[in-house]
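Topology and contacts: notes
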Amino acid sequence: MTEKILVTGALGQIGSELTLALREIYGVENVLSTDIQDPANVEDPNYETLDVMNAEQIASVVEKHEITIVYHLAAMLSATAEKFPKKGWDLNMDSLLTFLELAKDKKINQLYWPSSIAIFGPETPKINTDQNALTIPSTVYGISKRAGELWCQYYHEKFGVDVRSIRYPGLISWKTRPGGGTTDYAVDIFYQALEEGKYECFLSENSALPMMYMDDAIRATIELMQADPTKLSVRTSYNLHSLSFTPAELAAEIQKHLPDFEISYNPDFRQAIADSWPASIDDSVAQKDWNWKYEFDLAKMTETMLANLKEKLAIS
Ligand code: NAD
Ligand code: SER
């Protein structure tokens, strides 16, 4: 049977790349990209407007396109959600429950929903944070992601819903800019390094955070969704490790390519969010269950980002 896939939030940082990767596997006609934007503003041969706060519209799109698998990415990220806590909670929670209900009613067969390192909090051990470490998040985004994880596990255990999830670290990519996260500095820095030769960072120089290059994140997502369900011991969300660095370490790596690049530090409200998150993650459960292994280290990620962004920004 040919799978029919729906991606929500498909115009975002992850969705824009995940949609392309899924279309390589399943074909353009079998992967419907959706987001809140009007189609007139979107160049995509298989795109529809879908507001994930509208449960009726979701049910109708799922039925019309005979959708079997949903990648539900639309959400409000950490920094924006701190400014609009109730809106962030509603968007992140209500939309997940709509899809979990559709899966419970067998309208779809499989659901992917991303969680985040934001589920951990200030009391969680920061180094090599364990899959089952303490989760008392201090941000509304983290609270919504942890609650979402528990809902996923509940629907799996009570109703047999095949929902799978990864706790993404901060994702670094060059195709689409990130939208409202605390880890966005690790993308912004590359644009500013190439365009201005300098960058003022909104986190302090020693704020180590878990990060990952987008190609690894997309591969992980698809590998998890294609994994043997009997091997999956986690139905909340999997820890995933790849990179861990501070702004100063990233700046030093960029300086290997751009020796004149300068960084300065002016921490804002996002510093408190970063301070509440782990510095590095233990992903031994993901390695064991579905053979996860990252490919991009700091050097390879930096080289790839600079090469691709130079071309994108037409910088010689
Ligand atoms: P993003 O902000 O880049 O994209 C989110 C998309 O959702 C946007 O295109 C936006 O237009 C859309 N959207 C917002 N409200 C909507 C609505 N009501 N209906 C339909 N679409 C709506 O986010 P992203 O970075 O691509 O993140 C995708 C998912 O991955 C989110 O659940 C996020 O929490 C999670 N995640 C991302 C990161 C990261 O570093 N990017 C890390 C951890 C988890
Ligand atoms: N990159 C995301 C954020 O900063 C982590 O979930 O919000």
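Within an unreviewed UniProt entry, the label attached to the protein chain reads Nucleoside-diphosphate-sugar epimerase, and the organism entered is Moheibacter stercoris. Entered under Sequence similarities (unreviewed entry) in the UniProt record, the comment concerning the protein chain runs "Belongs to the NAD(P)-dependent epimerase/dehydratase family."

**Details of the side chain of Ser33**
Of note, Ser33 is situated in strand 2 (residues 31–35). Reaching out from Ser33, the side chain makes a polar contact with the side chain of Asp44 at a distance of 2.9 Å. Sequence-distant contacts of Ser33, defined by excluding residues within four places in its chain, comprise Val7, Ala10, Thr19, Arg23, Asp44, Asn46, Tyr47 and Glu48.

**Considering a nonpolar patch on the surface**
Together, Trp151, Tyr154 and Phe159 make up an exposed nonpolar region whose accessible area comes to about 270 Å². Residue position: Tyr154 is located in helix 5 (residues 140–159).

**Comments concerning helix 4 (residues 85–104)**
Between the first and last C-alpha of helix 4 there are 28 Å, a value that for 20 residues agrees with the 28 Å anticipated at 1.5 Å per step. Along helix 4, the positions that sit buried rather than exposed are Gly88, Asp90, Leu91, Asn92, Met93, Ser95, Leu96, Thr98, Phe99, Leu100, Leu102 and Ala103. Of the residues trailing helix 4, Lys106 is marked for its positive phi of about 60 degrees.

**Points about the UniProt feature "domain: NAD-dependent epimerase/dehydratase" (unreviewed entry) in the protein chain**
Feature annotation in UniProt assigns "domain: NAD-dependent epimerase/dehydratase" (unreviewed entry) to the following positions: residues 5–227. Across residues 5–227 one finds 41% helix and 17% strand; the C-alpha atoms that close the span lie 17 Å apart.

**Structural notes on the site of ligand 2**
Around ligand 2 sit Leu77, Ser78, Ser116, Tyr141, Gly170, Gly181, Thr182, Thr183 and Trp277, and those are all the residues in its vicinity. One of the side-chain N or O atoms of Ser116 is found 2.6 Å from an oxygen atom in ligand 2. With respect to ligand 2, the backbone of Thr182 contributes an N or O atom lying 2.6 Å from an oxygen atom. In isolation ligand 2 has 240 Å² of accessible area, and contact with the protein removes 93% of it. When its residues are assigned to classes, the shell around ligand 2 shows three nonpolar, six polar and no charged.

**Quick notes on the pairing of strand 10 (residues 198–201)**
Side chains Tyr199 and Cys201 of strand 10 all project onto a buried face; the interleaved residues Lys198 and Glu200 project onto a face where none is buried. In the sheet, strand 10 pairs with strand 14 (residues 262–265) via four bridges, with the strands oriented parallel. Directly across from Glu200, in strand 14, lies its bridge partner Ser264.

**Concerning the sheet that holds strand 13 (residues 243–245)**
What the three strands build is an open sheet, ordered 9-11-13; its pairing is mixed. Two strands in the sheet have a free side with no partner beyond their single neighbour: strand 9 (170–172) and strand 13. The sheet shows a mean angle of 40 degrees between the axes of neighbouring strands, taken without regard to direction. As judged from the three bridges shared by strand 11 (residues 209–213) and strand 13, these two strands associate in the antiparallel manner.

**Examining the pattern of salt bridges**
Across all of its chains, the model carries 17 salt bridges by this definition. Two residues, Lys104 and Glu101, come together in a salt bridge whose shortest N-O distance is 3.7 Å. Highlighted residues: Lys104 and Glu101, both in helix 4, separated by three residues, approximately one helical turn.

**Things to note about the site of ligand 1**
Surrounding ligand 1, one finds 26 residues, the nearest of these being Gln13, Ile14, Asp35, Asp51 and Tyr141. A distance of 2.9 Å separates a nitrogen atom of ligand 1 from a polar side-chain atom of Asp51. For ligand 1, whose free accessible area comes to 830 Å², the fraction covered by protein is 88%. For the shell around ligand 1, the secondary structure elements donating two or more residues are strand 6 (115–116), helix 5 and strand 9.

**A short note on the packing of aromatic side chains**
This model, assessed by the stated rule, comprises eleven aromatic pairs. Geometrically, the ring pair formed by Tyr112 and Tyr168 is tilted, given 6.4 Å between the ring centres and 55 degrees between the ring planes. On the criterion of sequence distance, the pair formed by Tyr112 in strand 5 (residues 110–112) and Tyr168 in strand 8 (residues 166–168) is long-range, its members being 56 residues apart. Comparing Tyr112 with Tyr168, the two get one shared label, buried. Between Tyr185 and Phe202 the ring centres are 6.4 Å apart and the planes differ by 90 degrees, which places this aromatic pair in the edge-to-face class. Of this pair, Tyr185 sits in helix 6 (residues 185–195) while Phe202 sits in the loop between strand 10 and strand 11; the two residues are 17 residues apart in sequence, bridging distant segments of the chain. The exposure class of Phe202 is buried, given its relative accessible area of 7%. Each member of the aromatic cluster is reached from another via a ring pair, and the members are Trp151, Tyr154, Tyr155 and Phe159. The positively charged end of Lys87 is found above the aromatic ring belonging to Phe84, 5.9 Å away from the centroid. Sitting over the face of the ring of Tyr191, Arg177 holds its NZ or CZ atom 3.6 Å from the ring centroid.

Procedures and definitions
Throughout this description, residue numbers start from 1 for each chain and increase along the sequence as written. Naming scheme: in the order in which they are written, chains are lettered from A and ligands are numbered from 1. Confidence filtering applies because this is a predicted model: local features only for residues at pLDDT of at least 70, side-chain atom pairs given and counted only at 80 or more, and all residues used for totals across whole chains, interfaces and linings. To obtain the side-chain values, all non-hydrogen atoms of the structure were included, while hydrogens and water were left out. UniProt positions are given in the numbering used here, feature names are shortened, and annotations may be inferred rather than shown by experiment. Helix and strand assignments come from DSSP, with helices taken as H or I runs of at least 4 residues and strands as E runs of at least 2, each series counted from the N terminus. Counted as a polar contact is a pair of N or O atoms within 3.5 Å, where, for protein atoms, one must be capable of donating a hydrogen and the other of accepting one, and residues adjacent in sequence contribute only when both atoms are in side chains. When checking whether two residues touch, look at their non-hydrogen atoms; a contact exists if any pair is within 4.5 Å. Surface patches are drawn from residues lacking salt bridges whose relative accessible area is over 30%; two like charges belong together within 9 Å, two nonpolar side chains (Val, Leu, Ile, Met, Phe, Trp, Tyr) within 5 Å. Note on areas: these come from Shrake-Rupley sampling with a 1.4 Å probe, and a residue is covered only by the protein chains present in the view. The working definition used for a salt bridge is a side-chain nitrogen of Lys or Arg within 4 Å of a carboxyl oxygen of Asp or Glu. Each residue after the first adds 1.5 Å to the expected span of a helix. Any residue under 20% of the maximum accessible area for its type is buried, any over 50% is exposed, and the rest in between are partly exposed; the area is computed with a 1.4 Å probe on protein chains only. For this purpose, a residue is taken to be near a molecule or strand whenever a single non-hydrogen atom of the residue falls within 4 Å of it. Residues were grouped as follows: Ala, Val, Leu, Ile, Met, Phe, Trp, Tyr, Cys and Pro as nonpolar; Asp, Glu, Lys and Arg as charged; and all remaining residues, including Gly, as polar. Two strands form a pair only when DSSP identifies at least two bridges running between them. Axis definition: a line fitted to C-alpha atoms, over the contacting stretch in the case of helices. Angles run 0 to 180 degrees between N-to-C directions. Centres within 6.5 Å are what make two rings of Phe, Tyr or Trp a pair, Trp counting through its six-membered ring; a difference in plane orientation under 30 degrees is then read as stacked, over 60 as edge-to-face, and the rest as tilted. Only when the NZ of Lys or the CZ of Arg is both within 6 Å of the ring centre and within 35 degrees of the ring normal is a charge said to sit over the ring.

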